[in-house]
Amino acid sequence: MATGKPEKTSDKSYRVTTSGDIEVSTYLEIAREIAGEQPVAATEAISGAEREAIIVIDFGSQYSLLIARRIRELQVYCELVTHETPWEKIGHLNPKGFILSGGPASVYQANAPLAPSYVYESNLPVLGICYGMQVITKQLGGLVESVINREYGHAILQTSDSDSPLFDELPSPSPVWMSHGDRIEEMPPGFKILAYTENSPIAVMGNDKHIFGLQFHPEVVHTPYGKTILKNFAYKICGCQGNWTMGNFISDSLEQIKVQVGNGRVINALSGGVDSSVVASLIHRAISDQLTCIFVNNGLLRRQEAERTLNIFQKNLGMNIVYIDASERFLKRLKGITDPETKRKVIGNEFIHLFEEEAGKLGKVDFLAQGTLYPDVIESTSSVSTASAKIKTHHNVGGLPSEMTLKLLEPLRYLFKDEVRQVGLELGLSDEMVWRQPFPGPGLAIRTIGEVTKEKLDILRSADWIVMDEIKKAKMYRQLWQSFAILTDVKSVGVMGDFRTYGYLIALRAVTSYDAMTADWARLPYDLLARISNRIVNEVPNVNRVVYDITSKPPSTIEWE
């Protein structure tokens, strides 16, 4: 536990001294391509069990990441890779099977993406979904054609071979979700029809080499028994044992962290959120005093965020924490910038430069630890799949400078948010830490539309405080993925006290989600929205209008910038 008050040092930084250790476990290092080093397999240290994984070949479907999530929910490790990924990049994962995702292309088009040859040469089970089924057909000698009657939405699946292990415990007929404009006209040699729908005579096909194709999407909730099909594929066809659990992930990871860091020193970018909290806890247990946490007040935090974060960590974690007030520094760098991508890159670069400066004060430091998650990586780069498009840059991924003196240590890089929370609960972290709503790394800079100024930030902090206060009073905080205010760059005419006003428009955003890859707008009670609106226009200066964002993701993102 931290003892005493923060000790004042130079340049508005404060060092919190600590004594004793907190008894927590650590987790498996699954960071990849860390400063050019050899990748570490996500399942490399699973003790007492064989390493295993199912590899999803991504052809650019909006559901590709959802496939990986569904497989992990079955306690089988899964990774998403581009169709151009060589075997050398995935062989160490000990694949038990492959899933070929859907995608926007048509296999008969020129340069259509296809599965790498090792998918078939490995003699491992293969499951093609939608476009993935058509890829199998194309590559193994069948025929795919466009059809006039496209099939989108619900369909009824009728099995014609109920003995297939793929259909174990699957009722027939069964509802499925279709989304395709091409279909199989001729199956490859050796395949037979396993199921059909009214519009797809070949809705499921398979051969005796355990290669299967599904024209529908089993990964979406609209296919009620889709998870049963995926479970049958993983366990009964691929022979997976299900050793991907957070218990294994935690208990078998300590040695991996030690090997990765060796005798080096690590600084951790601490934000107070669950991601950086879990990272800090795990790395501290692995290397103890070799870790120093740095909490930066970049002037883009919510009201009382810095004080509350330091207080939480002093109560729950026993480690050295350096607090730095760099508010003026960040605001100066953001002056005049209105483009959201530029904001993210400026903030990301400034964070790194600041951490490198602090590392110089501490002596020789080798690693910078971050709470980067898998969705951050997917949304920040199109390199995961050349068939996918970049959505936006996350400041701790695409916003980093090209040249860094510190190596990145990102042990959560291939985890989803709910998996991180499971790790936090396994470690015994407090509910306040584990269930805190996500807060973006660039902070209020991307919730302030247009140029970021101190005046705007003060307005937004006041409005956001009211939103959070009312959400918690309504006991809805845990039900929502995120809830917050946005200060738009729009002003409108209003009347207050019989006088004309020309004030800012505040937008409210509240969403429900499972992993932030998709999200739905929250149906907040009208009286709750009314209380929030009334308080904001009465308590926050220069605001005279409040609106509520009722757009889901997609087509929108959760944040406005």
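Description of the structure in this document.

Here's the deal with the nonpolar core
Ile99, Leu100, Leu524 and Ile536 are the most contacted members of the largest nonpolar core, which has 162 residues in total. If you look at the next biggest cluster of nonpolar residues, it comprises nine residues, including Phe484, Ala507, Val511 and Ile558.

Looking at the environment of leucine 460
By secondary structure assignment, the location of leucine 460 is in helix H14 (residues 454-473). The buried category is assigned to leucine 460, whose relative accessible area is 0%. Once the C-alpha coordinates of leucine 460 and threonine 448 are considered, the two residues, twelve residues apart in sequence, prove to be 7.4 Å apart. Each residue touching leucine 460, except ones within four places of it in the same chain, is listed here: Leu444, Arg447, Thr448, Ala485, Ile486 and Leu487.

Focus on the packing of aromatic side chains
Scanning the model with the defined rule gives eight aromatic pairs in all. Pairing phenylalanine 59 with tyrosine 131 gives two aromatic rings, centres 5.3 Å apart and planes at 65°, and the pair type is edge-to-face. Linking phenylalanine 59 in the loop between strand S3 (53-58) and helix H1 (64-73) with tyrosine 131 in helix H3 (residues 131-139), this pair joins segments that are 72 residues apart in sequence. Of the residues examined, phenylalanine 59 reaches a relative accessible area of 1% and is grouped as buried. Look at phenylalanine 295 and tyrosine 323: their rings are 5.9 Å apart centre to centre, the planes differ by 20°, and that puts the pair in the stacked class.

Some thoughts on unusual backbone geometry
Most peptide bonds take the trans form, and the phi angle of most residues other than glycine is negative. Here the bond from serine 172 into proline 173 is cis, since omega is 5°, no more than 30 degrees from zero. At the junction of lysine 553 and proline 554, the peptide bond is cis and its omega measures out at -15° in the coordinates. Checked against the element boundaries, proline 554 lands in the segment after strand S20 (543-548). Look at histidine 210: it is not a glycine, yet its phi comes out positive at around 60°. Position of histidine 210 among the secondary structure elements: in the loop between strand S10 (204-206) and strand S11 (211-214). Residue classification places histidine 210 among the partly exposed residues on the basis of a relative accessible area of 38%. Positive phi is not limited to glycine here, since glutamine 304 has a value of about 65°.

Observations concerning helix H4 (residues 226-237)
In an α-helix, one full turn covers 3.6 residues, which means residues spaced three or four apart are oriented alike. For H4, which comprises twelve residues, the first-to-last C-alpha distance of 15 Å matches the rise-based estimate of 16 Å (1.5 Å per residue) to within 8%. Gly226, Ile229, Leu230, Asn232, Phe233, Ala234 and Ile237 are the residues of H4 that are buried. Of the surrounding elements, those touching the buried residues of H4 are S3, H1, strand S5 (95-100), strand S6 (126-129) and S11. Taken from the residues just after H4, glycine 239 is the one with a positive phi, measuring 75°.

Regarding the side chain of histidine 217
Relative to the elements of secondary structure, histidine 217 occurs in the loop between S11 and H4. On the basis of relative accessibility, which here comes to 3%, the residue histidine 217 falls in the buried class. Once residues lying within four places of it in the same chain are set aside, the contact partners of histidine 217 are Ser61, Tyr63, Ile129, Cys130, Trp177, Ser179 and Thr223.

Looking at the pairing of S3
In terms of residue burial, S3 counts as a mostly covered element, since six of its six residues are buried. Burial along S3 is two-sided: the face carrying Ala53, Ile55 and Ile57 and the face carrying Ile54, Val56 and Asp58 are both buried. Pairing between S3 and strand S4 (residues 78-82): five bridges, direction parallel. Counted as the bridge partner of isoleucine 55 is glutamate 79 from S4. Where the polypeptide runs from S3 across H1 and back to S4, its parallel neighbour, the crossover connection is right-handed.

A short note on the environment of alanine 359
The topology assignment puts alanine 359 in helix H10 (residues 340-362). Counting along the chain gives 65 residues from alanine 359 to isoleucine 294, while the straight-line C-alpha distance between them is 9.8 Å. Once residues within four sequence positions are removed from consideration, alanine 359 is found in contact with Ile267, Val365 and Leu406.

Points about the packing of helix H7 (residues 274-287) against helix H12 (residues 417-427)
The description of two helices packed together rests on the angle between their axes and the distance between the axes. Contact geometry of H7 with H12 gives a least axis separation of 10 Å together with a crossing angle of 45°. Overall, the two elements H7 and H12 adopt an arrangement that is oblique. Crossing handedness for the pair H7 and H12: left-handed. Counting all contacts with H7, which are made through Val274, Asp275, Val278, Ser281 and Leu282, the residues of H12 involved are Lys417, Val420, Arg421, Val423, Gly424 and Leu427. Residue classes in the contact of H7 with H12 are distributed as six nonpolar, two polar and three charged.

The rules behind each value
- Residues numbered from 1 in each chain as written.
- Predicted model: local features only at pLDDT ≥ 70, side-chain atom pairs only at ≥ 80, totals over all residues.
- Heavy atoms only, no water.
- Core = buried A, V, L, I, M, F, W, Y, C linked by side-chain atoms within 4.5 Å.
- Buried < 20%, exposed > 50% of the residue type's maximum accessible area, 1.4 Å probe, protein only.
- Helix = DSSP H or I, 4+ residues; strand = E, 2+ residues; numbered from the N terminus.
- Contact = heavy atoms within 4.5 Å.
- Phe/Tyr/Trp six-rings, centres within 6.5 Å; stacked < 30°, edge-to-face > 60°.
- Expected span 1.5 Å × (residues − 1).
- Pairing = 2+ DSSP bridges.
- Right-handed = clockwise from strand over helix to strand, strands pointing away.
- Axes fitted to C-alpha atoms, helices over the stretch in contact; angles between N-to-C directions.
- Parallel < 35°, antiparallel > 145°, perpendicular 65-115°, else oblique.
- Left-handed = near helix turned anticlockwise from the far one by under 90°.
- Nonpolar A, V, L, I, M, F, W, Y, C, P; charged D, E, K, R; others polar.

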